Amino acid sequence: MNREDFFVNRENILINQEEIALAEQLVEFINNSPTPYNVVDNLKKDLLEAGFDKLDLFDEWKLENGGRYYLEVSSSSIISFVVEESIGNTSFRIIGSHSDSPCFKIKPKSEIKIDSGIKLSVESYGGMIISSWFDRPLAIAGRAFVKNTQNYFEPKEYIINIKKPLCIIPNLAIHMNPNVNTGLEYNKQNDVMPLVLETGKRIDSEDYIREIISEDIRLKYDDTVAIDEIVDFELFLYEYEEGKIIGSKGEFLSCSRLDNLASVYPSIKSLIKYSQNKLRFSSLYDKELDENRRKNNEKNHENLKKSYSIKMAVAFNHEEVGSMSGEGADSNILANVMERIILALGNGREEFLRCLHSSFMISADLSHAVHPNKPEKSDSNHKLIFGGGPAIKTHAGKAYATDSFSAAVIKSICNDKNIKYQIFVNRSDMRSGATIGSIVSAKVMLPVVDIGMPILSMHSIRELGMIKDYVEYYNLMEAFYEK
């Protein structure tokens, strides 16, 4: 395999300080966001700091021109949007992604006593590369609920992140497992239970998990919660070692959960940046809008309804397990929120149904770079190379939602802004991965294009990407909102 089959030309790979800063922000976000609950918790802080107002699903919404809003769904999906009055048809410009990544979920009754201590019973969440989880220090994060004696239907929620190397899944030594390097099928019930790295008095605990939850709540929230007050929890293992920028020139990203936080984070950050730029130039824009509306109304006195351009970023949970949940892409949550926005702006269901046909969505999820040791696993005419920019993904069986119309739209934006892009098509004799694009397109009936920056080792505990591709990915999202 030639070097040019894996990288673009060297002069196109070199990065500047601004690009490094973008990458550092992503890595910091990923390091602080080990589960969808932590993802949403951190994004809420960024949105509030940027002046976005929180909406609740059970409240009546009062939206206004120039407003910036967000709402969360089950603490693990988040929808943020900016409203601006416009000329022409009302439309949505949406970037959709997902907040979850493959990992191990801790079972409700998790502690298993062994001679030397405790191990935890876990189940696999999504399609991870199991072998990559062995012999790595693992931490625990997620959420827990505490009993609310005043209202059983509103238990108190705590977002948990125990940033300690608490567990490890040990390999069996090669002397006891001589076939380990010739192909080994792991038993997901018996082979992947992590050993708790504890030698203190907790080793005899009957409820180790609730004890460490209680301690984390005390340290983080300064609340005292008894173990028997913790009604339930959703906790996951994650790699304790932080993601890093690596390479001889610092050109690469080595992180857990690049898939798909490298889509979630830039979608929200580019929306925030767009909203701040619009606010800065709003007075000039309003004058132009008033003049255009006056001319438009002179031509058509009967149609005096206001039109809006709504820019939106949405991160769904549960993509890695099929999206079939209330907060997943295969629910009605996006369609419901879009319709409620239109209604809250004084228009009706007719306007909502019409606006879908002038709307557009990017489904943002990462893609497969050509593997240096297995180039034959990629289609020979559609190999994704590092430094070549994000990929437009297409599939005849609609694993991806891209069609020639949506591809033409995104290619035009890229060409206008000199943003690199590649085309990804899977080998015809291999099963394709899928993501949220076709699910949303079928639910909401709007044009969707699937795109994603290329990485290696997708669904490993640690994935590899190139900063140049991330920067181009981010630039494309910025340009999409600007259009």
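Residues numbered from 1 in each chain as written. Predicted model: local features only at pLDDT ≥ 70, side-chain atom pairs only at ≥ 80, totals over all residues. Heavy atoms only, no water.

Q: Even after reading the chapter, I still don't get the nonpolar core, so can you show me in this structure?
A: As a rule of thumb, soluble globular proteins bury nonpolar side chains together. Counting residues in each nonpolar core, the largest one holds 56 residues, and the members touching the most others are L258 and Y470. Ranked by residues supplied to this core, first place goes to helix α10 (residues 467–482) with ten residues. If sequence neighbours within four positions are ignored, Y470 has contacts with L22, A23, L26, L253, A262, Y265, P266 and M453. Of all hydrophobic cores here, the second largest spans 38 residues; its members include I209, I213, L237 and I461. (Core = buried A, V, L, I, M, F, W, Y, C linked by side-chain atoms within 4.5 Å. Buried < 20%, exposed > 50% of the residue type's maximum accessible area, 1.4 Å probe, protein only. Helix = DSSP H or I, 4+ residues; strand = E, 2+ residues; numbered from the N terminus. Contact = heavy atoms within 4.5 Å.)

Q: Is there a simple way to explain the packing of aromatic side chains in this structure?
A: The description of two aromatic rings rests on the distance between their centres and on the angle between their planes. The final tally for this structure, using the stated rule, is ten aromatic pairs. With a centroid separation of 5.8 Å and an interplanar angle of 70°, the aromatic rings of F252 and F386 are classed as edge-to-face. Of the two residues, F252 sits in strand β12 (residues 252–255) while F386 sits in the loop between β15 (367–368) and β16 (391–393), which places them 134 residues apart along the sequence. Side by side, F252 and F386 carry an identical accessibility label, which is buried. Between Y274 and Y481, the ring centres sit 6.3 Å apart and the planes meet at 40°, which makes this aromatic pair tilted. With Y274 in helix α4 (residues 258–280) and Y481 in helix α10, this pair connects stretches of sequence that are 207 residues apart. Each member of the pair, Y274 as well as Y481, is classed as buried. Site record: aromatic cluster; members linked through ring pairs are Y274, F360, F480 and Y481. Just above the ring of W61 sits the side chain of R340; from NZ or CZ to the centre is 4.0 Å. (Phe/Tyr/Trp six-rings, centres within 6.5 Å; stacked < 30°, edge-to-face > 60°. Lys NZ or Arg CZ within 6 Å of the ring centre and 35° of its normal.)

Q: Is there a simple way to explain the pairing of strand β8 (residues 156–168) in this structure?
A: Every other side chain in a regular strand lies on the same face of the sheet, so the side chains alternate between the two faces. The pairing of strand β7 (residues 138–146) with β8 spans eight bridges and is antiparallel. Opposite G142, over in β8, you have I160 as the bridge partner. Bridge count between β8 and strand β9 (residues 195–196): two bridges; the pairing is antiparallel. Across the sheet, I168 pairs through a bridge with L195, a residue of β9. (Pairing = 2+ DSSP bridges.)

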